[in-house]
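# Coordinate inspection notes
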Amino acid sequence: QVQLVESGGGWVQPGGSLGLSCAASGSIFSISVMGWYRQGPGKELDLVASVSSGGTIRYADSVKGRFTISRDNAKNTVHLQMNSLKSEDTATYYCNMRRDGGTYDWFNYWGQGTQVTVSS
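Residues numbered from 1 in each chain as written. Predicted model: local features only at pLDDT ≥ 70, side-chain atom pairs only at ≥ 80, totals over all residues. Heavy atoms only, no water.

## A short note on the pattern of salt bridges
Within this structure, the stated rule accounts for 4 salt bridges. For K64, the salt bridge goes to D61, with nearest N and O atoms at 3.1 Å. Accessibility assignment for this pair places K64 and D61 in one class, exposed. For R98, the salt bridge is made with D100, and the minimal N-O distance between the two is 2.8 Å. (Salt bridge = Lys/Arg side-chain N within 4 Å of Asp/Glu carboxyl O. Buried < 20%, exposed > 50% of the residue type's maximum accessible area, 1.4 Å probe, protein only.)

Here you go:
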């Protein structure tokens, strides 16, 4: 059974940096998109960043210029480098990996979430 294992969350002061990593513990192939979503207190789940197998990258407007996403296909991992962190970045961050396929080869996996807290 495939599981997405997240690491790198924790506490950091405003202006600091954190790096998040996510790896698929099971054997999966042809991952179309890897990405990160987040949900802050009292807020809905929102896309933070994603990267496709073709290299297309998307960022939320609120994190552009501060966050960088990358993927390692050989290790089935996705990374999110977060710099210049703000208090409003405080949230639970969820890893996502999906394949855009047909009825029988489609998948959409989610991690359990890792907490990021930005405060003094």
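## Some details on the layout of surface pockets
Rolling a probe over the atoms, with the probe sized like a water molecule, indicates the empty space that remains. Its boundaries defined by the atoms lining it, the largest pocket holds a volume of some 180 Å³. Looking at the largest pocket, it is lined by 16 residues, and the ones nearest its centre are R38, K43, D46, S62 and E88. Elements that contribute at least two residues to the lining of the largest pocket include exactly β4 (33-39) and β5 (46-52). (1 Å grid on protein atoms, 1.4 Å probe; cavity = no way out; pocket = protein on both sides within 12 Å on 5 of 7 lines; lining within 4 Å. Points joined across faces, edges and corners; volume = space filled by probe spheres on them. Helix = DSSP H or I, 4+ residues; strand = E, 2+ residues; numbered from the N terminus.)

## Some thoughts on the sheet that holds strand β8 (residues 77-82)
Spatially, 4 strands are ordered β1-β3-β8-β7 in an open sheet, and the strand pairing comes out antiparallel. Strand pairing shows two members of the sheet lacking a second neighbour, β1 (4-7) and β7 (67-72), which therefore form its edges. Here the strands of the sheet are splayed against their neighbours by 15° on average, with no regard to which way each runs. Here β1 pairs with strand β3 (residues 18-24) via 4 bridges, running antiparallel. (Pairing = 2+ DSSP bridges. Axes fitted to C-alpha atoms, helices over the stretch in contact; angles between N-to-C directions.)

Keep in mind these values describe shape, not function.
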